[in-house]
Amino acid sequence: MKIAIIIVRSLLGLMFVFAAVVVLFKIPMEQPPMTPAATAFMTGLMSVNYFMTLLKVIELICGILLLTNFWAPLATVVLFPITVNILCFHAFLDEPKNLPSALLLIVANLFLAYAYRKNYAGLLLSKPIQ
């Protein structure tokens, strides 16, 4: 199980670091064609000047945390809503052929959340410890 956690954590970290670096450093890459709904969604996100930079900085930091295994449970929690949004984007706005990569991200994130479940025990208490 430890080896599987290391592999999944490293791959997920690499995926987020790569995705962040490409956008932050404006590395030219060929973009696949998007549906009109996906184009409208991305145009809206890009029109808010700070959003994509903030999102990619968070992805970069969390990807590095996963790669270094420093605060990996926290990085998993922070990346989860981003991963869910990626899945929803590909499921509802983009073409179905792009869905497997989003499913891979969500499965990897859920696997790590399960692997780190003991770290979240205090968050799931009905009453806070005083």
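Parameters at a glance
- Residues numbered from 1 in each chain as written.
- Predicted model: local features only at pLDDT ≥ 70, side-chain atom pairs only at ≥ 80, totals over all residues.
- Heavy atoms only, no water.
- Helix = DSSP H or I, 4+ residues; strand = E, 2+ residues; numbered from the N terminus.
- Buried < 20%, exposed > 50% of the residue type's maximum accessible area, 1.4 Å probe, protein only.
- Areas by Shrake-Rupley, 256 points an atom, 1.4 Å probe, with all protein chains shown as cover.
- Lys, Arg positive; Asp, Glu negative; His and termini not counted.
- Charge placed at Lys NZ, Arg CZ, Asp CG, Glu CD.
- Core = buried A, V, L, I, M, F, W, Y, C linked by side-chain atoms within 4.5 Å.
- Contact = heavy atoms within 4.5 Å.
- Patch = residues over 30% accessible without salt bridge, like charges linked within 9 Å, V, L, I, M, F, W, Y side chains within 5 Å.
- Salt bridge = Lys/Arg side-chain N within 4 Å of Asp/Glu carboxyl O.

Structural notes on the overall build of the chain
Within the chain, the regular secondary structure consists of 5 helices and 0 strands. Counting helices and strands in the order they occur from the N terminus, the chain gives α-α-α-α-α. Counting only C-alpha atoms, the chain reaches 50 × 35 × 30 Å along its principal axes. Going through the 130 residues of the chain one by one, you find that 31% of them count as buried. Here the chain displays about 8800 Å² of accessible surface, and carbon together with sulfur accounts for 74% of that area. Averaging the locations of the 8 positively and 4 negatively charged side chains of the chain gives two centres separated by 23 Å.

Observations regarding the nonpolar core
Counting residues in hydrophobic clusters, the biggest one holds 18 residues, and the most contacted among them are L12, F16, L66, L79, L112 and Y116. Elements with a minimum of two residues in this core: α1 (2–24), α3 (51–68), α4 (72–93) and α5 (99–115). Counting residues per element, this core draws most heavily on α3, which supplies 5 residues.

Side note on unusual backbone geometry
The bulk of non-glycine residues show a negative phi, and the bulk of peptide bonds are trans. The backbone phi angle of N69 is positive, close to 60°, even though this residue is not glycine. With respect to the helices and strands, the residue N69 is situated in the loop between α3 and α4. Phi is positive for W71, which is not a glycine, with a value near 55°. Mapping W71 onto the fold places it in the loop between α3 and α4. Assessed through its relative accessible area of 55%, W71 is described here as exposed.

Here we look at the environment of A102
In this structure, A102 sits in helix α5. Note on A102: relative accessible area 1%, which makes it buried. Apart from residues no more than four positions distant in its own chain, A102 is found in contact with I86, L87 and H90.

Points about a nonpolar patch on the surface
Together, I3, I7, L11, L14 and L67 line one region of the surface with nonpolar side chains, adding up to about 470 Å² of accessible area. Element by element, the count of residues in the nonpolar patch is highest for α1, at 4 residues. Mapping L14 onto the fold places it in helix α1.

Section: the environment of L67
Among the secondary structure elements, L67 is positioned in helix α3. For L67, a relative accessible area of 34% puts it in the partly exposed group. For the pair formed by L67 and G13, sequence separation is 54 residues and the distance between their alpha carbons is 5.3 Å. Residue contacts for L67: discarding those within four places in its chain leaves R9, S10, G13, L14 and V17.

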